[in-house]
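Reading the structure
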Amino acid sequence: MYFTLSWRNIWRNKKRTLIAAASVFFAVIMAIIMRSAQIGSYAYMIHSSAKLYTGYLQIQGEGYWDNRSMNRSISPSEDDYEFIRSAPHVVSATPRLEGFALVSNDTATKVAQVIGTDPELENNMTDLKDKLIKGAYLKSDSDGVLVAEGLMKMLKLQVGDSLVLYGQGYHGQMAAAIYPVAGFIKMPFQELNNSLVFLNLKTAQRFYSAPDRITSLAIMIDKQSHLDETIHHLKKLEKYAVMRWEEMLPDMYQSIQLDNASGIIMLIILYIVITFGVFGTIMMMVSERYKEFGVLISVGMRKWRLMIITTLESVFVAFVGVIAGIIGSIPLVYYMHHNPIYFTGAATQTFEAMGVEPIFYFSTDSVIFFSQAVVVLIIALASAIYPVLFIRKLEPVEALHS
Amino acid sequence: MALIEIQHLDKIYNSSAVAVHALNDVTLNVEKKEFTAIVGPSGSGKTTMLNILGGLDKPSSGFIKIEGTDIFKLKSSELIDYRLNHIGFVFQAYNLIPVFTARENVEFIMLLQGVSKKEREKQAMALLDSVGLADRSNSRPNQLSGGQQQRVAVARSLASHPDFVLADEPTANLDSESAGDLLDLMETLNESHNMTFIFSTHDDRVIKRARRIITLQDGAVKSDVMN
Ligand SMILES: Nc1ncnc2c1ncn2[C@@H]1O[C@H](COP(=O)(O)OP(=O)(O)O)[C@@H](O)[C@H]1O
Ligand SMILES: [Mg+2]
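Residues numbered from 1 in each chain as written. Chains lettered and ligands numbered in written order. Predicted model: local features only at pLDDT ≥ 70, side-chain atom pairs only at ≥ 80, totals over all residues. Heavy atoms only, no water.

Some thoughts on the domain arrangement of chain A
Keep this limit in mind: For every domain, the bounds stem from an assignment made automatically or drawn from a database.
For chain A, the assigned domains read domain 1 (2-50 + 253-400) and domain 2 (62-239). Computed over C-alpha atoms only, the centres of domain 1 of chain A and domain 2 of chain A are separated by 49 Å.

Pasting the structure below:
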């Protein structure tokens, strides 16, 4: 009967309740679409960046990230590899051994980042084969190297040329070798395009005198939200450091944080709209029933019961709007999810600078919808404080007189 | 023991510039099954008297005992429960819950008392029947005439099985025919259910129907006669 009473009370003035519900409805739709676009785009950017090179996380030697010394390389056992690859949500784990070396052709010498990797795993993770512009991709049984396009031009290299590598290996050993150029790749960033040399992991281990050693294991997982769970699991391997994408890609992490903050400010503005819609209505619903409340208390209704009724009313008004908003936004968000927006114009450059395709993705994560409901419920409950205070200080005689 | 014992009741309003002596040393008893009118011109203190009798307002001095309970010694939440279980109210402007049907308005009081749904429905129908509105049980107040609404209000006031019913000018908003019907109804309930009624009025036709007439003037009892 309390429910019935509250429910019927909110429909006493249909127009007013509908206006309040509509303001909640539109604010919720906007909030959901905005969040969906933001969260979807972040996930897409993070995924693209992770896939480009670093992975969502890496297993490294303790202290490797800070000084990049070959001496901090690690030599995981077969069991360790097995543990990592079978960890929850892990999709792939690509071992790499990387260091710096001087690379030269006849006349020219440059500094290059020389990366030994498993050709198959590397391609599965980063689509390295797609970046090939000339020649052939790495083979697991050959010493051929892949050279980035910028470096190729600086060294005036052709496929089949011999590339001289010269550097320092594990524990300061001299590293020197000549390998044939198998092909050229084009990297999305100038910096990488001017410095990368890929070769077989086995070849690199020989070159650096570091048999079975790697400097990192780049890991992809199925979903960004599973990162913590995966890391928690991997931390059981106590001898290694686990690096997250946020640490390895600090610029991107910060720009996402910044963008997210501006998104949250927008959300707060929308929530203020919702608050006014709900609160204004509740205030009117309460003030115009001053006498009625007086009657109810006179005939023996305890104040707390009346407070429950008015609180339910706030929740109902808010929820009529929020449920309609969620139902209304689901088809929209799903449509956008399956038809992402491709940017044109100036915005494309910002994305491309980050090595990400200029696409606006929409997330359909149920958390987005659910959190709207929770926030609006909180707003409704906060709005319900007004009637509670109103009833608390209500004197039935005065109310009856009004 | 009297149903209601009123001793040296004073009520002074200090809210305006001049203090208003709304009740002035009222002492009287009300017995069970009375059918009593409190009369007097506007401003004589009738409403103040009924509000204090109903535990809605506190006297400035003096006390009221209902079946021996000094109701102003109760805590405010206990007083609300006391009103629920012992006192029925009928208001001048009916004041039914507009979104409830006649039956729900009557049931609601029993809901507050914790009566089971089945029992509530049965008793609400019986009460509406006794006020002659069984066929309008599903009508909302705005679908009923003033007289019908006031009869629902009477049914509501009886729903909690109170010790007595207070009605402040219950006929003031009614035409004379409906007023007469309401008085008939109250009289019947007084006789058949032994229900005590205390009502205020300044309508001569209503005053005539009372068995005891207490006349107030400037807050004091001017006369107290059996009719
Ligand atoms: N809340 C109040 N504040 C100040 N004066 C009041 C208040 N309520 C009633 N009065 C005064 O008390 C006197 C009695 O009022 P009331 O009991 O309403 O009389 P009646 O019901 O017989 O018309 C009047 O003079 C009225 O102005
Ligand atoms: Mg009055």
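Continuing now.
Things to note about the layout of surface pockets
All names here are of chain A. To be explicit about the condition: Definitions used for this entry: grid spacing 1 Å over protein atoms alone; cavity, a set of points where a 1.4 Å probe fits but cannot get out; pocket, an open set with protein on both sides within 12 Å along at least 5 of 7 lines; lining residue, one with an atom within 4 Å of a point. Grid points are joined across faces, edges and corners, and a volume is the space filled by probe spheres set on the points. Under the scheme used here, helices are H or I runs from DSSP no shorter than 4 residues and strands are E runs no shorter than 2 residues, and both carry numbers assigned from the N terminus. Each residue gets one label: Ala, Val, Leu, Ile, Met, Phe, Trp, Tyr, Cys and Pro are nonpolar, Asp, Glu, Lys and Arg are charged, and the others, such as Gly, are polar.
The space that makes up the largest pocket amounts to roughly 910 Å³. Taken together, 27 residues make up the lining of the largest pocket; nearest its centre are Thr-54, Glu-191, Leu-192, Met-248 and Leu-249. Contributions of two or more residues to the lining of the largest pocket are made by α2 (14-54), β1 (57-61), α3 (64-67), β2 (90-104), β3 (109-117), α7 (190-193) and α11 (250-287). By volume, the second largest pocket amounts to about 630 Å³. Around the second largest pocket, the lining is made up of 24 residues, and of these Ile-39, Tyr-42, Ala-43, Gln-224 and Ser-225 lie nearest the centre. When residues of the lining of the second largest pocket are traced back to their parent elements, those giving at least two are α2 and α11. With eight residues, α2 is the single largest residue contributor to the lining of the second largest pocket. Per-class residue counts for the lining of the second largest pocket are eleven nonpolar, nine polar and four charged.

A closer look at the site of ligand 1
Residues and elements named next belong to chain B. For the record, the criterion: It suffices for a single heavy atom of a residue to lie within 4 Å of a molecule or strand for the residue to be listed as near it. Pairing of N or O atoms within 3.5 Å defines a polar contact, subject to two protein rules: one partner must be a possible hydrogen donor and the other a possible acceptor, and residues neighboring in sequence count only if both atoms are side-chain atoms. Using the Shrake-Rupley algorithm and a 1.4 Å probe, accessible areas are obtained, with residue cover drawn only from the displayed protein chains.
Around ligand 1, the neighbouring residues are Tyr-13, Ser-15, Val-20, Ala-22, Pro-41, Ser-42, Gly-43, Ser-44, Gly-45, Lys-46, Thr-47 and Thr-48. Gly-43 is positioned with one of its backbone polar atoms (N or O) 2.7 Å from an oxygen atom of ligand 1. In this structure, Thr-47 approaches ligand 1 through a side-chain N or O atom, which is 2.7 Å from an oxygen atom. Taken by itself ligand 1 offers 560 Å² of open surface, and the protein chains cover 70% of this. Among the secondary structure elements, those contributing two or more residues to the shell around ligand 1 are β2 (20-30) and α1 (46-53). The element contributing the most residues to the shell around ligand 1 is α1, with three residues. A breakdown of the residues in the shell around ligand 1 according to their chemical character gives four nonpolar, seven polar and one charged.

Things to note about the environment of Lys58(B)
Residue and element names in this part refer to chain B. For clarity, the cut-off: Relative accessibility decides the category of a residue: with a 1.4 Å probe and only protein chains considered, values under 20% of the type maximum give buried, values over 50% give exposed, and everything between is partly exposed.
Here Lys-58 is to be found in the loop between α1 and β4 (61-66). Among the residues examined, Lys-58 registers a relative accessible area of 45% and is labelled partly exposed. Between the C-alpha atoms of Lys-58 and Lys-33, which are 25 residues apart in sequence, the distance is 25 Å.

Observations regarding the pairing of strand β1 (residues 4-13) of chain B
Residues and elements named next belong to chain B. Our working rule: Here, a strand pair is defined by DSSP locating no fewer than two bridges between the strands.
Across five bridges, the pairing between β1 and β4 is antiparallel. Pairing of Asp-10 across the sheet is with Ser-61, part of β4. In this structure, β1 lies alongside β2, joined through seven bridges in antiparallel fashion. Counted as the bridge partner of Glu-5 is Asn-29 from β2. Between β1 and β2, which pair antiparallel one after the other, the connecting turn spans six residues.

Topic: the sheet that holds strand β6 (residues 87-90) of chain B
Residue and element names in this part refer to chain B. For clarity, the threshold we go by: Comment: axis = line fitted to C-alpha atoms, over the contacting stretch for helices; angle = value between 0 and 180 degrees taken between N-to-C directions.
Read from one edge to the other, the open sheet built from six strands follows the order β6-β7-β8-β3-β9-β10, with strand pairing classed as mixed. Two strands lie at the open edges of the sheet, namely β6 and β10 (220-226), each paired on one side alone. Sheet twist, expressed as the average angle between the axes of neighbouring strands with direction ignored, equals 20°. Pairing of strand β9 (residues 212-217) with β10, which is carried by six bridges, proceeds in the antiparallel orientation. Note on β10: the bridge partner recorded for Gln-217 is Ala-220.

A word on the packing of helix α12 (residues 290-298) of chain A against helix α13 (residues 303-338) of chain A
All names here are of chain A. The criterion, for reference: Any angle that falls under 35 degrees is termed roughly parallel, while one over 145 is termed roughly antiparallel, one within 65 to 115 roughly perpendicular, and all others oblique. Here is the rule for handedness: rotate from the far helix to the near one, and if that takes an anticlockwise turn smaller than a right angle the crossing is left-handed, while a clockwise turn gives right-handed. Should any heavy atoms of two residues lie within 4.5 Å, those residues are counted as being in contact.
It is the contact of α12 with α13, at a shortest axis distance of 10 Å, that shows an interaxial angle of 140°. Relative to α13, the element α12 is oriented oblique. Once α12 is placed against α13, the crossing between them reads as right-handed. Each of Phe-293, Leu-296 and Ile-297 in α12 lies in contact with α13, whose residues at this interface are Lys-303, Leu-306 and Thr-310. In terms of residue class, the contact of α12 with α13 is built from four nonpolar, one polar and one charged.

Here we look at the sheet that holds strand β5 (residues 69-70) of chain B
All names here are of chain B. Taking strand neighbours across the sheet as the criterion, the four strands line up as β2-β1-β4-β5 in an open arrangement whose pairing is antiparallel. Two strands in the sheet have a free side with no partner beyond their single neighbour: β2 and β5. Sheet topology note: the β4/β5 ladder contains two bridges and is antiparallel. By the bridge assignment, Ile-66 is partnered in β5 with Thr-69. Against the sheet, α1 contacts β1, β2 and β4, and its axis sits at roughly 125° relative to β1.

Overview of the environment of Gln205(A)
Residue and element names in this part refer to chain A. With respect to the helices and strands, the residue Gln-205 is situated in helix α8 (residues 201-207). For Gln-205, a relative accessible area of 6% puts it in the buried group. Considered as a pair, Gln-205 and Asn-260 are 55 residues apart in the sequence and their alpha carbons are 42 Å apart. With residues up to four places along the chain from it excluded, the contact list for Gln-205 reads Leu-97, Ala-210, Pro-211, Asp-212, Arg-213 and Ile-214.

Side note on the pattern of salt bridges
For clarity, the cut-off: The term salt bridge refers to a pairing of a side-chain nitrogen on Lys or Arg with a carboxyl oxygen on Asp or Glu at a separation within 4 Å.
Inspection of every chain in the model, using the stated rule, returns 25 salt bridges over all chains. Arg206(A) serves as the salt-bridge partner of Asp143(A), at 3.3 Å between the closest nitrogen and oxygen. With Asp143(A) in the loop between β4 (132-135) and β5 (145-148) and Arg206(A) in helix α8, this pair connects stretches of sequence that are 63 residues apart. Judged by its relative accessible area of 28%, Asp143(A) is partly exposed. One salt bridge connects Asp203(B) with Arg205(B), and the closest N-O pair in it is separated by 3.4 Å. Under the relative-accessibility criterion, Arg205(B) is labelled partly exposed at 49%. It is possible to trace a salt-bridge network through shared partners that takes in Glu149(A), Lys153(A) and Lys186(A).

Thoughts on empty space enclosed by the protein
All chains considered together, the criterion is met by two cavities of 30 Å³ or more. Forming the boundary of the largest cavity are Val299(A), Arg83(B), Leu84(B), Ile87(B), Gly88(B), Phe89(B), Ile109(B), Arg156(B), Ser157(B) and Ser160(B). When residues of the lining of the largest cavity are traced back to their parent elements, those giving at least two are α2 (76-86), β6 and α5 (146-158) of chain B. Per-element accounting of the lining of the largest cavity gives the leading share, three residues, to β6(B).

Side note on the packing of aromatic side chains
Rules: Centres within 6.5 Å make a pair out of two Phe, Tyr or Trp rings, where for Trp the six-membered ring is used; the pair is then stacked when the planes are under 30 degrees apart, edge-to-face when over 60, and tilted otherwise. For a lysine, the NZ atom is tested; for an arginine, the CZ atom; a charge sits over a ring if that atom is within 6 Å of the ring centre and within 35 degrees of the ring normal.
Overall, the coordinates contain 17 aromatic pairs over all chains when judged by the stated rule. An angle of 45° between the planes, with centres 4.6 Å apart, marks the rings of Tyr44(A) and Tyr361(A) as tilted. In this pair, Tyr44(A) is assigned in helix α2 and Tyr361(A) in the loop between β12 (359-360) and α15 (366-383), connecting sequence segments 317 residues apart. Tyr361(A) sits in the partly exposed class, given a relative accessible area of 25%. Both rings, one in Phe100(B) and one in Phe108(B), keep their centres 5.5 Å apart while their planes meet at 55°; by these two values the pair is tilted. For the pair Phe100(B) and Phe108(B), a shared accessibility class is recorded, and that class is buried. Following the ring pairs from residue to residue traces out a cluster consisting of Phe279(A), Tyr290(A), Phe293(A), Tyr386(A) and Phe390(A). When the ring centre of Tyr53(A) is taken as origin, the NZ or CZ atom of Arg96(A), which lies over that ring, is 3.9 Å away.

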